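Working through the structure, step by step
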Amino acid sequence: MDPETRDKLRKAGKIAAIVRREGAAKLKVPGASFLQVMDYCEDRIKELGGQVAWAQMAVNDVAAHFCPEEHETAVSNEGDLIKIDIGVHLDGWIADNAMTVEVGNSNRYADHMKAARNALRAAIKLVEPGRELWELGVAQMSEAQALGFTTIKNLSGHTIEQYRVHGGISIPTFNNKSKIQLTEGMQVAIEPFITEGDGFVKEKGKNTIWMMRKNANARSPYAKKIITEVAPLNGLPFTNRWLTRKIGRGPTALGLKALHQQGVITAYPPLAERTGGMVAQYEHSMIVGEKTEIYTKHEEDSW
Ligand code: MN
Ligand code: MN
């Protein structure tokens, strides 16, 4: 990896780590507005000199893929288990990181969150050129099981490429027998999702996250407006309220519907544990090397 790219990743990672921790601290307070906190995170990314890739969150049995809409009124409640997942980029070079907070002081999920941190830490320890991916899966599953939990098998970490959140190779959270090897300079995000349920997610609830798959000509004027807004993202995700605030709720709904039907955009609906089990998640991004660099690590992270 060239020094210029590495420098962009380091800067993006530093910002992503700060905003993740600030957002998590806000969500931890009962009564925190999801909308206000996610807006704060996006503003903060820009203020710190980054470009917003995404600011997402997920509550309790939902593992991932939720963004509040413009009219969202939900707030955090005592005892909620909330994941915050922040993506920052510089010219498409992405830092992807996440953590979990338990709202208030109920202290019901200390072991659960610890299992997720342990799983991430154990996998990171193995990251080096030549390492086969199944080994990272075993490490994560072992740590989850040691405290009485399991990993979510149909969610995984991933490689990252410029403007590509998922670079094409999945990092398993169980022994999937993958003999694919990590290589020098590979950009990798590791993210164990740990649950007390049976360890699979399914789609649940309204979709608020989209990605554009291809350039396309739309006939609908609303679809055209949306394409104008999201084409500059170069394939990075976008969320409903970015659009509703610019073109209004009606046009956004109609435009998204048309683009989705045409196959121009892909939906990423919320993913919830299928038995309703609570889910904790921690995530870091790193550059694989003889000395692997975890570029989303915050000095206060213990994992
Ligand atoms: Mn993430
Ligand atoms: Mn990720």
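Owing to the predicted nature of the structure, the values given are computational and were not obtained by experimental measurement.

So, the sheet that holds strand 14 (residues 271-273)
Within a sheet, each strand pairs with its neighbour through backbone hydrogen bonds, oriented either parallel or antiparallel. Reading across the sheet, the 3 strands line up as 2-14-10 and stay open at both edges, with antiparallel pairing between neighbours. Every other strand in the sheet has two partners, leaving strand 2 (62-64) and strand 10 (201-203) as the edge strands with one partner each. When strand polarity is set aside, the average angle formed by the axes of neighbouring strands in this sheet is 45 degrees.

Notes on the pairing of strand 3 (residues 81-90)
Across the 10 residues that make up strand 3, a large majority, 10, are buried. Residues L81, K83, D85, G87 and H89 of strand 3 are buried on one face, and the alternating residues I82, I84, I86, V88 and L90, pointing to the opposite face, are buried as well. Two strands pair when backbone bridges link them, and strand 1 (residues 51-59) and strand 3 are joined in this way by 8 bridges, in the antiparallel orientation. Counted as the bridge partner of A55 is I86 from strand 3. Strand direction decides the pairing type here: strand 3 and strand 4 (residues 93-102), joined by 10 bridges, are antiparallel. Note that in strand 4 the partner of D85 across the bridge is A98. Hairpin connection, strand 3 to strand 4: the antiparallel pair is bridged by 2 residues, and D91 has positive phi, about 55 degrees.

Quick look at the coordination of the manganese ion (ligand 1)
Bound to the manganese ion (ligand 1) are the protein donor atoms D85 (OD), D85 (OD), D96 (OD) and E283 (OE), situated 2.1 to 2.3 Å from the metal. Metal-to-metal, the separation of the manganese ion (ligand 1) and the manganese ion (ligand 2) is 3.2 Å; D96 coordinates the two. Of this pair, D96 sits in strand 4 while E283 sits in the loop between strand 15 (279-281) and strand 16 (284-287); the two residues are 187 residues apart in sequence, bridging distant segments of the chain. Here D96 and E283 have matching classes, each one buried.

Thoughts on the coordination of the manganese ion (ligand 2)
Bound to the manganese ion (ligand 2) on the protein side are D96 (OD), H158 (NE2), E191 (OE) and E283 (OE), at distances that span 2.1 to 2.2 Å. Counting along the primary sequence, the residues that act as donors to the manganese ion (ligand 2) give the motif D-x61-H-x32-E-x91-E.

Some remarks on the packing of aromatic side chains
Applying the stated criterion across every chain, the model contains 1 aromatic pair. Here Y282 and W303 contribute two aromatic rings whose centre-to-centre distance is 4.7 Å and whose plane-to-plane angle is 70 degrees, an arrangement assigned as edge-to-face. Separated by 21 residues along the polypeptide, Y282 in the loop between strand 15 and strand 16 and W303 in the segment after strand 17 (293-294) bring together distant segments of the chain. A single burial state applies to Y282 and to W303, both of which are buried.

Some words on the state of the cysteines
Every disulfide links exactly two cysteines, by a covalent bond between their sulfur atoms. Per the stated rule, a full pass over the model turns up 0 disulfides. Free of any disulfide, C41 has its nearest neighbouring cysteine sulfur in C67, separated by 11 Å. Residue classification places C67 among the buried positions, given a relative accessible area of 4%.

Some points on the side chain of E293
Tracing the backbone shows E293 in strand 17. We classify E293 as buried; its relative accessible area is 18%. Each residue touching E293, except ones within four places of it in the same chain, is listed here: R6, R10, S285, M286 and I287.

Notes on the domain arrangement of the chain
Split into domains, the chain comes out as domain 1 (3-204 + 273-294) and domain 2 (209-267). Distance from the C-alpha centre of domain 1 to the C-alpha centre of domain 2: 26 Å. Opposite the 19 residues of domain 1 that make contact, domain 2 presents 13 residues. For the pairing of domain 1 and domain 2, the buried interface totals around 1,400 Å² over both sides, and the portion due to carbon and sulfur atoms is 55%. Salt-bridge contacts for R241 lead to E42; the nearest nitrogen and oxygen are separated by 3.1 Å. If you list the elements that add at least two residues to the side of domain 1 that touches domain 2, you get helix 2 (34-47) and strand 1.

Re the sheet that holds strand 5 (residues 150-151)
What the 3 strands build is an open sheet, ordered 5-9-15; its pairing is antiparallel. Here the strands that pair on one side only, and so sit at the sheet edges, are strand 5 and strand 15. Two strands pair when backbone bridges link them, and strand 9 (residues 193-195) and strand 15 are joined in this way by 3 bridges, in the antiparallel orientation. Residue pairing in the sheet places F193 in a bridge with Q281 of strand 15.

Rules used in this analysis
- Residues numbered from 1 in each chain as written.
- Chains lettered and ligands numbered in written order.
- Predicted model: local features only at pLDDT ≥ 70, side-chain atom pairs only at ≥ 80, totals over all residues.
- Heavy atoms only, no water.
- Pairing = 2+ DSSP bridges.
- Helix = DSSP H or I, 4+ residues; strand = E, 2+ residues; numbered from the N terminus.
- Axes fitted to C-alpha atoms, helices over the stretch in contact; angles between N-to-C directions.
- Buried < 20%, exposed > 50% of the residue type's maximum accessible area, 1.4 Å probe, protein only.
- Donors = N, O, S within 2.8 Å, 3.2 Å for Na, K, Ca; no water.
- Phe/Tyr/Trp six-rings, centres within 6.5 Å; stacked < 30°, edge-to-face > 60°.
- Disulfide = S-S within 2.5 Å.
- Contact = heavy atoms within 4.5 Å.
- Domains from an automatic or database assignment.
- Buried area = accessible area lost by both parts, 1.4 Å probe.
- Salt bridge = Lys/Arg side-chain N within 4 Å of Asp/Glu carboxyl O.

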